[in-house]
Amino acid sequence: MSELLQNLNDVQRQAVLHRNGPVVVFAGAGSGKTRIITTRIAYLIETGVLPWEILAVTFTNKAAGEMRERALHMAPETKRTMITTFHSASARWLREFAGELGYEPNYSIYDDQDVTRALKHIVKQLMPKGEIPTIVADMKHFLHHVKTAGVFVSEIEAYAQQYPAQVPTGGVQIYRAYQEFLAQSNAMDFNDLLLNVLLLLRKNERVKSILGARYQYIMVDEFQDTNRTQFEIIQHLAERHQNLMVVGDDDQSIYSWRGATPSNIIDFDRTYPGATRIALEENYRCTGNIVAAASKLVSYNKKRAAKTLFTNAPAGELIEVHLEVDGEMEAHWIAEEIYAARNTYDFEDVAIFYRTNAQSRSLEEALLRRRIPYTLYGSLEFYERLEIKDILAYLRLFANPSDDVSFLRIYNVPTRGLGDKALETLQVFATSRGLSLWKAAEVSVTDPALKGSPKLRYLVDLLKAMRTEILESPINEAVKTVLEATEYPAYLKKKYPDQYADKMDNIQELAAGIIEYEAKNEGASLADWIETVSLVREDAKGQVTKGVSMMTLHMAKGLEFPRVFIAGVEDGLLPHKNSVEDMAAVEEERRLLYVGITRAKSKISLTCAKRRRNFNNEMAHPPSRFFQEIPAELMALSFKAQEALQPEKTPVMVSYEYDEGLEGTIEEGSQVFHPTYGKGTVHGFDVHLGSRKAVVNFRDFGYRKIRPSQLQLRGYALD
DNA sequence: GGTAAAAAAGTTTTT
DNA sequence: CTTTTTTACC
Ligand SMILES: Nc1ncnc2c1ncn2[C@@H]1O[C@H](COP(=O)(O)OP(=O)(O)OP(=O)(O)O)[C@@H](O)[C@H]1O
């Protein structure tokens, strides 16, 4: 028997040995689902399948990375197997085939911020008046919604007729204009990556036959989180060979807001009648107490498929519950615990999970104070810094000259005397000729009849020279070239004198990231690096776990750590306040906690804070309602937690002490409160620069004109 | 058209 | 409270 098969139980072995035909593995947390996939990849290779004939996809970069590492460990040949996320796989197929849809292979991938910029631009052109910010936000939400649901732009008209309530005014028009803008910019957003692959597989016989033949064996992990589009892509890819293995757990479905459809796995045999079904029941990861607590908790969900999960492991320690007065103290306590137990648990063995990224800050500070090393995962901060975005915009523009969003960003950065007026002229010109902005700028300064401005000519010449140089030199010099040619450092120094050094450090880090990438991927082009950066947004430095791992509960899925802390287990955070109204949403929050708890191999602590600073004001959160659902005998409560968790003191429906002020309309005579100016009285209204403003006499600041949306109503003056 | 000061917005979760 | 956007003035 192959050595690979020896680390498996009988059921797992059956799954790994399963050769042809569809199969679904449905099992609870820590039962070895990922182990099945990684072992099966290695085993298939060992028994003659070529590494590149296997495709393994999952959902998050973190989980894909973990899977890649485990597989590599078993069979080095898996280096040539595509083990990745849906989005990265799609991006790669589109580099090959996007030409069939009218894109250039060097298309840009637009992230959330780019999408917002593009939408702003479009909304401004289509609806010159009105509250642009709210429209942009609404439209973004709408586009995200329909595109996640798999509604193509060609289908939006019909969709709007069928579900008028789902489509805001102007939605159809905006969707069309948006796709046109992206096509013009040779760009795709994250949803387009999937939709375009699906479109090719549906409509293009050539692509379908090439991709359909390419992968003999396809495996999908975390299948409960796939959406309709992803499942359909997989169906097309597997149609010819029918060797599809999907693996998942409906109790770990935590991406419903991204269109995840757990019925994909629950009703798998409806799509593939006769598919083999394999259930795993033994948890190999956690202690008895952890399995018992998590199982009981998730059993409170009404919507779930029945399953058994047991462990032969000893009961181990109790679930530790700790209550603190505020977020800072909570973080402090966690840091002290980690430090005190450093001989039992190496820092690398410890993870801290939380519901929202914003919570990481106080935790970081506490760890820093104790000098505990840590790695923060999933923080997008680095790529959102303005200096990084600026440099990236230049590089992206050189990889894809049609990229208008990038052009708009660097057009006057560093400042070179090109303002809104000149931009407007350029935009009108570009639209009338159907050209990208850069191309339009080029034409307008070369065509003598158009007498483009000298400033614009300077920009065009600069960009052209830079592009030539960058495309001809090794990619690790690209950042240097941009800095030198644009004199960006001088601009930074002038504009941000005190942050200059920090910002330059960040840029250096970006440059170091390119060098490292180039070393790892021989012959990689600038476009390859940009794609990686757009899709796998981890920090530029090499991602070797150093110290304590910190991440959101979402990101923790699929991982495991000996020692786990979950911070902020409070009503309002977990379940999150935006979810408490809706039963289904609360069930998802419960699953989130289930996922978090089952990441722990030996010990877990759940902490909450009585009060937590939001931005302006503090809010009080009672301990999470989920504590009532974990058997009391499995929990070790600290003294303070004991008091707070008395059942009668934790009402099922919790009311919050949000400082939201009174309900009602602000009118003349209203007593109002403003975050900066404090208390004041409304003395009338005025239409100022297109928006309605309240004229307020503030007690300490006198008269100001303020948008009513910024004011909180505090009562009425007595006549 | 550039800049500083004032006002508004932002924190659910990810590709 | 911090960061981004808008406005007022040069
Ligand atoms: N047959 C086995 N014998 C011993 N250990 C096992 C066995 N199968 C899996 N394990 C171990 O159990 C742990 C959980 O396995 P794995 O990550 O594959 O589970 P999973 O089902 O994918 O979990 P989850 O759904 O919670 O992410 C891992 O540490 C793995 O090495």
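1. Examining the overall build of chain A
Consideration 1: Of regular secondary structure, chain A possesses 29 helices and 21 strands.
Consideration 2: Against the globule reference of 27 Å for 719 residues, chain A gives a C-alpha radius of gyration of 28 Å, in line with a compact fold.
Consideration 3: Oriented by its inertia axes, the alpha-carbon framework of chain A measures out at about 80 × 75 × 55 Å.
Consideration 4: Contacts in chain A between residues far apart in sequence, at least 24 positions, make up 75% of those at least 6 positions apart.

2. Side note on the site of the ligand
Consideration 1: The environment of the ligand is made up of 19 residues, and the closest members are Lys33, Thr34, Arg35, Glu560 and Arg599.
Consideration 2: Within the contact set of the ligand, a nitrogen atom lies 3.3 Å away from a backbone nitrogen or oxygen of asparagine 7.
Consideration 3: Between the ligand and the protein, one listed contact pairs an oxygen atom with a side-chain N or O atom of lysine 33 at 2.6 Å.
Consideration 4: A total of 640 Å² of accessible area belongs to the ligand in isolation, and the protein chains cover 86% of it.

3. Focus on a negative patch on the surface
Consideration 1: A cluster of acidic residues, Glu469, Glu472, Glu477 and Glu484, forms a negative patch on the protein surface.
Consideration 2: Within the secondary structure layout, glutamate 477 lies in the loop between helix 22 (454–472) and helix 23 (478–486).

4. Quick word on the packing of aromatic side chains
Consideration 1: One pass over the structure, following the stated rule, counts 15 aromatic pairs.
Consideration 2: Measuring from ring centre to ring centre gives 6.3 Å for tryptophan 333 and phenylalanine 565, while their planes differ by 80°; the resulting arrangement is edge-to-face. A residue pair is termed long-range when its members are at least 10 positions apart, and tryptophan 333 in helix 15 (residues 327–340) and phenylalanine 565 in strand 13 (residues 561–566) qualify at 232 residues.
Consideration 3: Judged by its relative accessible area of 12%, tryptophan 333 is buried.
Consideration 4: Measuring from centroid to centroid gives 6.1 Å for phenylalanine 353 and phenylalanine 561, while their planes differ by 65°, and the two rings are edge-to-face. You can see phenylalanine 353 sitting in strand 10 (residues 350–354) and its partner phenylalanine 561 sitting in strand 13, a full 208 residues away along the chain. Of the two residues examined, phenylalanine 353 and phenylalanine 561, each falls in the buried class.
Consideration 5: Between lysine 62 and the ring centre of tyrosine 377, over which it is positioned, the NZ or CZ distance is 4.3 Å.

5. Points about the protein's contact with DNA strand B
Consideration 1: Of all residues adjacent to DNA strand B, which total 34 residues, the nearest are Arg355, Asn357, Thr552, Tyr677 and Gln710.
Consideration 2: At 3.2 Å, a backbone N or O of asparagine 61 approaches a phosphate oxygen of DNA strand B.
Consideration 3: Within the side chain of histidine 576, an N or O atom sits 3.3 Å from a sugar or linking oxygen of DNA strand B.
Consideration 4: Secondary structure elements with two or more residues in the surface near DNA strand B: helix 20 (420–433), helix 27 (553–556) and strand 20 (702–706).
Consideration 5: Across the surface near DNA strand B, the residue classes tally to 10 nonpolar, 16 polar and eight charged.

6. Here's the deal with helix 16 (residues 360–369)
Consideration 1: Among all positions in helix 16, only Ser360, Ser362, Leu363, Glu364, Ala366 and Leu367 are buried.
Consideration 2: Packed against the buried residues of helix 16 are helix 15, strand 10, strand 11 (374–376) and strand 12 (548–552).
Consideration 3: The positive-phi residue at the C-terminal boundary of helix 16 is arginine 371, with phi of around 55°.

Definitions and limits used
- Residues numbered from 1 in each chain as written.
- Chains lettered and ligands numbered in written order.
- Predicted model: local features only at pLDDT ≥ 70, side-chain atom pairs only at ≥ 80, totals over all residues.
- Heavy atoms only, no water.
- Helix = DSSP H or I, 4+ residues; strand = E, 2+ residues; numbered from the N terminus.
- Rg over C-alpha atoms; globule rule 2.2 N^0.38 Å.
- Contact = heavy atoms within 4.5 Å.
- Near = heavy atom within 4 Å.
- Polar contact = N/O pair within 3.5 Å; in protein donor to acceptor, adjacent residues only side chain to side chain.
- Areas by Shrake-Rupley, 256 points an atom, 1.4 Å probe, with all protein chains shown as cover.
- Patch = residues over 30% accessible without salt bridge, like charges linked within 9 Å, V, L, I, M, F, W, Y side chains within 5 Å.
- Salt bridge = Lys/Arg side-chain N within 4 Å of Asp/Glu carboxyl O.
- Lys, Arg positive; Asp, Glu negative; His and termini not counted.
- Charge placed at Lys NZ, Arg CZ, Asp CG, Glu CD.
- Phe/Tyr/Trp six-rings, centres within 6.5 Å; stacked < 30°, edge-to-face > 60°.
- Buried < 20%, exposed > 50% of the residue type's maximum accessible area, 1.4 Å probe, protein only.
- Lys NZ or Arg CZ within 6 Å of the ring centre and 35° of its normal.
- Nonpolar A, V, L, I, M, F, W, Y, C, P; charged D, E, K, R; others polar.

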